Amino acid sequence: MDFYILKKQEKLVAIPADEQNCKEYLDDGYFYIDKVAACNEKSALKRLQAKQVKAFKMPALLFLLVLPIILFAWMQISR
């Protein structure tokens, strides 16, 4: 089942992916964040958090892999 993740101030809610229901929340001041597939609301919120962590991990890992190469090149140039 698909869920829309919506946010109002600091409150996140997961609602079933229904256009009319989503429009009511948007009219109430919520903002659309994402659409996720999950079995219930709690699981949908956890999947969103996992997506956000994964989006942060990849650039950090890439930076850690490139850092030794940059340091080695800088050491060679500065000699």
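Up top you'll find the structure we're talking about.
Residues numbered from 1 in each chain as written. Predicted model: local features only at pLDDT ≥ 70, side-chain atom pairs only at ≥ 80, totals over all residues. Heavy atoms only, no water.

### Focus on the overall build of the protein
Across its full length, the protein carries two helices and three strands. Secondary structure elements in the protein, listed N-terminal to C-terminal, are β-β-α-β-α. Over its C-alpha atoms the protein spans a radius of gyration of 20 Å, topping by over 25% the 12 Å that the globule rule assigns to 79 residues. Residues classed as buried in the protein amount to 19% of the 79 residues present. In the structure as shown, the protein presents an accessible area of about 6,500 Å², 63% of it carried by carbon and sulfur atoms. Charged side chains in the protein number 12 positive and 9 negative. The centres of these two groups are separated by 14 Å. (Helix = DSSP H or I, 4+ residues; strand = E, 2+ residues; numbered from the N terminus. Rg over C-alpha atoms; globule rule 2.2 N^0.38 Å. Buried < 20%, exposed > 50% of the residue type's maximum accessible area, 1.4 Å probe, protein only. Areas by Shrake-Rupley, 256 points an atom, 1.4 Å probe, with all protein chains shown as cover. Lys, Arg positive; Asp, Glu negative; His and termini not counted. Charge placed at Lys NZ, Arg CZ, Asp CG, Glu CD.)

### Considering the sheet that holds strand β3 (residues 31-37)
What the three strands build is an open sheet, ordered β2-β1-β3; its pairing is antiparallel. On the outer flanks of this sheet lie β2 (11-16) and β3, each paired with one strand and no other. Between one strand axis and the next, the sheet turns through 25° on average, direction left out of account. Direction of pairing for strand β1 (residues 2-8) relative to β3: antiparallel, over a ladder of six bridges. (Pairing = 2+ DSSP bridges. Axes fitted to C-alpha atoms, helices over the stretch in contact; angles between N-to-C directions.)

### Some remarks on a negative patch on the surface
Negative charge collects at one region of the surface, where D18, E19, E24 and D27 lie side by side. If you trace the backbone, D27 turns up in helix α1 (residues 19-27). D27 gets classed as exposed once you look at its relative accessible area, which sits at 72%. (Patch = residues over 30% accessible without salt bridge, like charges linked within 9 Å, V, L, I, M, F, W, Y side chains within 5 Å. Salt bridge = Lys/Arg side-chain N within 4 Å of Asp/Glu carboxyl O.)

### What about the nonpolar core?
Buried together is how nonpolar side chains tend to be arranged in soluble globular proteins. Ranked by size, the top nonpolar core spans seven residues in total: F3, I5, A14, V36, A38, A44 and L48. Where this core is concerned, the elements lending two or more residues are β1 and α2 (41-78). If near-sequence neighbours (up to four positions away) are discounted, F3 is found in contact with A14, I15, P16, A17, D34, K35, V36, A38, C39, N40, E41 and A44. Listed in part, the six residues of the second largest apolar core include Y4, L6, I15 and Y30. (Core = buried A, V, L, I, M, F, W, Y, C linked by side-chain atoms within 4.5 Å. Contact = heavy atoms within 4.5 Å.)

These figures come from the coordinates and say nothing about function on their own.
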